[in-house]
Amino acid sequence: MVIPSTNNRINASSFRECDLLSSVEILPGTSIIGESAFRNCFSLLSIEFPQSVTQMDEYSFAYCYNLTYANFSDMTTFIGQYAFYYCTSLLEAILPDRLSNVTRYTFAYCFNLSNLSIKSMCQNISEFSFYQCKSLPFANMPSSVQSIGESAFRLCTNLTSIAIDGAIVIYNSAFRDCTSLESAQLSNCLATIHAFAFMNCYNLTSVEFPSTLLTIMTQAFLNCYSLATATIVNGLKTIEYSAFMNCYSLLSVELPATLTTIGFQTFMNCYSLVNATTTSSGATLIDYSVFQNCYELHSISMPVNLTFVSQNLCYNCRKLESAIIGDRITGIYSSAFCYCESLTSLTLGVNLTTIGSQAFYSCLSLPTVHIPIAVTSISTDAFRNCFGLESFTVDINN
């Protein structure tokens, strides 16, 4: 079928559900392709757009299951949401030079999309833009891209590498479930990594965070089983809860002086974590279970500004050998060091007043405990099953 040059616009739903339409030639002159114009044209194989086309409205080619090729006009400035939704045979998307925004769900469920080129004028990649593009091997985003929307590349299970040159924000679940992703080059302008952004990226091995990064949000790297190194540079202020939970291969982490808050369960189940340097950290809150089940963790020193040791902080850290509780800390909450079987050295700060229930339960190797003068309360089972305890001293007036 040939669409003549006298047509400035292909109206909405003009060829919708033309099941037998296999090819279309649009002659120069057409500038707008209306909403759902070729929607559900199941037999359409390819289409080439003339340079006159500047706009494609929403759903314009949605559900064209056999469409393998679409040659975009460089003059196109707008492609509407869902435009190529469920074009399951589409092989490539060389986006127009003048396109500033990839709208929501534009290429979602394009299962065979294997070649993607995002040009230098693109500023935003909206939510679910490339959702479940399961054949896409890489995604390189130019410095012009300022934000990557929610679930934009979620379940791109063949994606092995990404390079993000300019983005300030990576939104919720942007790369979630990209199970083949091995490396992520993050922008030097990045300020926020939102919740679940890299969750379930099982093969991601390393991430280097830029100095502009301020916040890593909830479960951002949850279940990144292969993540061995995460270089956190000075500037980061907040790590929200469970951000690195179940990163089984993570070996070490150094928390910067700018960091003020570490959410609960942040490093929980990081079984290989040996070193967690927190002394220079400015953290005023390390929430509960942050290092729970970090079996290989050898030592921990509390940040100087910390005022309490939270519940289950180092629960079941079986190889933890030493713990230094700073002088500003007034309370050690329940089960904070429970089942730390290798703990042999414990230093309690002079302003400590409260030791919670089961705080040091089953610290089998702990030989000595010195309770400072400020302590007024030691709760139930605080030192129960400390079978190696030989000396327990309490300062006068306690």
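Residues numbered from 1 in each chain as written. Predicted model: local features only at pLDDT ≥ 70, side-chain atom pairs only at ≥ 80, totals over all residues. Heavy atoms only, no water.

Trainee: Would you mind going over the overall build of the chain with me for this structure?
Mentor: Scanning the chain for helices and strands turns up zero helices and 35 strands. Relative to its length of 398 residues, the chain is extended, with a C-alpha radius of gyration of 28 Å against a globular reference of 21 Å. Dimensions of the chain, computed from C-alpha atoms along their principal axes, come out at roughly 100 × 30 × 25 Å. Per-residue burial for the chain yields a buried fraction of 52% across its 398 residues. A separation threshold of at least 6 residues defines the contact pool for the chain, and within that pool the share at least 24 residues apart is 25%. Here the chain has roughly 15,400 Å² of accessible surface; of this, 47% comes from carbon and sulfur atoms. Taking the average place of the 14 positive charges on the side chains of the chain and the average place of its 26 negative ones, the gap between the two points comes to 5 Å. (Helix = DSSP H or I, 4+ residues; strand = E, 2+ residues; numbered from the N terminus. Rg over C-alpha atoms; globule rule 2.2 N^0.38 Å. Buried < 20%, exposed > 50% of the residue type's maximum accessible area, 1.4 Å probe, protein only. Contact = heavy atoms within 4.5 Å. Areas by Shrake-Rupley, 256 points an atom, 1.4 Å probe, with all protein chains shown as cover. Lys, Arg positive; Asp, Glu negative; His and termini not counted. Charge placed at Lys NZ, Arg CZ, Asp CG, Glu CD.)

Trainee: Can you walk me through the pairing of strand 13 (residues 138-141) in this structure?
Mentor: It is a general feature of regular strands that their side chains alternate between the two faces of the sheet. Residues A139 and M141 line the buried face of strand 13, whereas the alternating positions F138 and N140 sit on a face that is not buried. Judged from the four bridges that link them, strand 13 and strand 15 (residues 161-164) form a sheet pairing that is parallel. Note that in strand 15 the partner of N140 across the bridge is A163. (Pairing = 2+ DSSP bridges.)

Trainee: I keep staring at the pairing of strand 3 (residues 23-26) and nothing clicks. Help me out?
Mentor: Of the two faces of strand 3, the one holding V24 and I26 is buried and the one holding S23 and E25 is not buried anywhere. Direction of pairing for strand 1 (residues 2-3) relative to strand 3: parallel, over a ladder of two bridges. Among the inter-strand pairings, I3 is bridged to a residue of strand 3, identified as I26. One ladder, built from three bridges, connects strand 3 with strand 5 (residues 46-48); its direction is parallel.

Trainee: Help me understand the sheet that holds strand 16 (residues 169-170), please; the structure alone is not making it clear to me.
Mentor: Strands in a sheet are paired, the pairing made by backbone hydrogen bonds, and the direction either parallel or antiparallel. In spatial order, the strands read 10-12-14-16-18-20-22-24-26; together these nine strands make up an open sheet with parallel pairing. Here the strands that pair on one side only, and so sit at the sheet edges, are strand 10 (101-102) and strand 26 (285-286). Where strand 20 (residues 215-216) and strand 22 (residues 238-239) come together, two bridges link them in parallel fashion. What sits directly across from T215, in strand 22, is T238.

Trainee: When you look at the packing of aromatic side chains in this model, what are you seeing that I'm missing?
Mentor: One pair of aromatic rings is described through two measures. These are the centre distance and the angle between the planes. Scanning all chains against the criterion turns up 46 aromatic pairs. Ring geometry for F72 against F84: centres 5.4 Å apart, planes inclined by 85°, an arrangement best described as edge-to-face. Of this pair, F72 sits in the loop between strand 7 (69-71) and strand 8 (78-79) while F84 sits in the loop between strand 8 and strand 9 (92-94), placing them twelve residues apart in sequence. With respect to burial, F72 and F84 carry one shared label: buried. (Phe/Tyr/Trp six-rings, centres within 6.5 Å; stacked < 30°, edge-to-face > 60°.)

Trainee: Would you mind showing me how to read the environment of Y171 here?
Mentor: Its location among the elements puts Y171 in the loop between strand 16 and strand 17 (183-185). Its relative accessible area of 34% is what places Y171 among the partly exposed residues. Excluding residues that lie within four positions of it along the chain, Y171 makes contacts with S147, I148, G149, E150, H194 and A197.

Trainee: It is not clear to me how the sheet that holds strand 2 (residues 9-10) should be interpreted in this structure. Could you clarify?
Mentor: With respect to topology, four strands assemble into an open sheet ordered 2-4-6-8, the strand pairing being parallel. The sheet terminates laterally at strand 2 and strand 8, the two strands that pair on one side only. Across two bridges, the pairing between strand 4 (residues 32-33) and strand 6 (residues 55-56) is parallel. Bridge pairing in strand 6 links I32 to Q55.

Trainee: Teacher, can you tell me more about the side chain of S147 here?
Mentor: On the secondary structure map, S147 appears in strand 14 (residues 147-148). Only 2.7 Å separates the side chain of S147 from the side chain of N124, close enough to count as a polar contact. Ignoring anything within four residues of it in the chain, the contact list for S147 reads Q123, N124, I125, A167, V169 and Y171. (Polar contact = N/O pair within 3.5 Å; in protein donor to acceptor, adjacent residues only side chain to side chain.)

Trainee: Explanation requested: a nonpolar patch on the surface in the structure shown.
Mentor: A grouping of I378, F392 and V394 is seen on the molecular surface, where their side chains present a nonpolar patch of about 240 Å² in accessible area. Inspection of the secondary structure assignment puts I378 in strand 34 (residues 377-378). Since its relative accessible area comes to 39%, I378 is described here as partly exposed. (Patch = residues over 30% accessible without salt bridge, like charges linked within 9 Å, V, L, I, M, F, W, Y side chains within 5 Å. Salt bridge = Lys/Arg side-chain N within 4 Å of Asp/Glu carboxyl O.)

Trainee: Hey, could you run me through the nonpolar core in this one?
Mentor: A general trend in soluble globular proteins is that nonpolar side chains are found buried together. Counting 122 residues, the largest nonpolar core has F84, F153, F175, F198, F291 and F337 as the members making the most contacts within it. Sorting the residues of this core by element identifies strand 3, strand 13, strand 15 and strand 33 (368-371) as the ones contributing at least two each. With ten residues, the next largest nonpolar core counts A62, Y85, A108 and Y131 among its residues. (Core = buried A, V, L, I, M, F, W, Y, C linked by side-chain atoms within 4.5 Å.)

Trainee: Help me out: how do you make sense of the state of the cysteines in this one?
Mentor: Here, disulfide denotes a covalent bond that connects the sulfur atoms of two cysteines. Within the structure shown, the criterion is met by zero disulfides. Between C87, a cysteine without a disulfide, and C64, which holds the nearest cysteine sulfur, the sulfur-to-sulfur distance is 5.1 Å. (Disulfide = S-S within 2.5 Å.)

Trainee: In this structure, what is going on with the pattern of salt bridges? I would like to understand it.
Mentor: Pairing is possible between side chains that carry opposite charge, provided their charged atoms lie close to one another. Tallying each qualifying case throughout the model produces seven salt bridges. With a closest N to O distance of 3.8 Å, R176 and D177 form a salt bridge. You can call R176 buried: its relative accessible area is 18%. D177 gets classed as buried once you look at its relative accessible area, which sits at 12%. Residue K319 is joined to E296 by a salt bridge in which the shortest nitrogen-to-oxygen separation is 3.1 Å.

Trainee: Whenever I open this one, unusual backbone geometry confuses me. Can you help?
Mentor: With the exception of glycine, most residues fall at negative phi, and the peptide bonds are largely trans. A positive phi angle is found at Y105, which is not glycine, with a value near 60°. Within the secondary structure, Y105 sits in the loop between strand 10 and strand 11 (115-117). A positive phi is found at Q358, a non-glycine position, where the angle reads about 55°. With respect to the helices, strands and loops of the structure, Q358 is situated in the loop between strand 32 (354-355) and strand 33. Residue classification places Q358 among the partly exposed residues on the basis of a relative accessible area of 29%.

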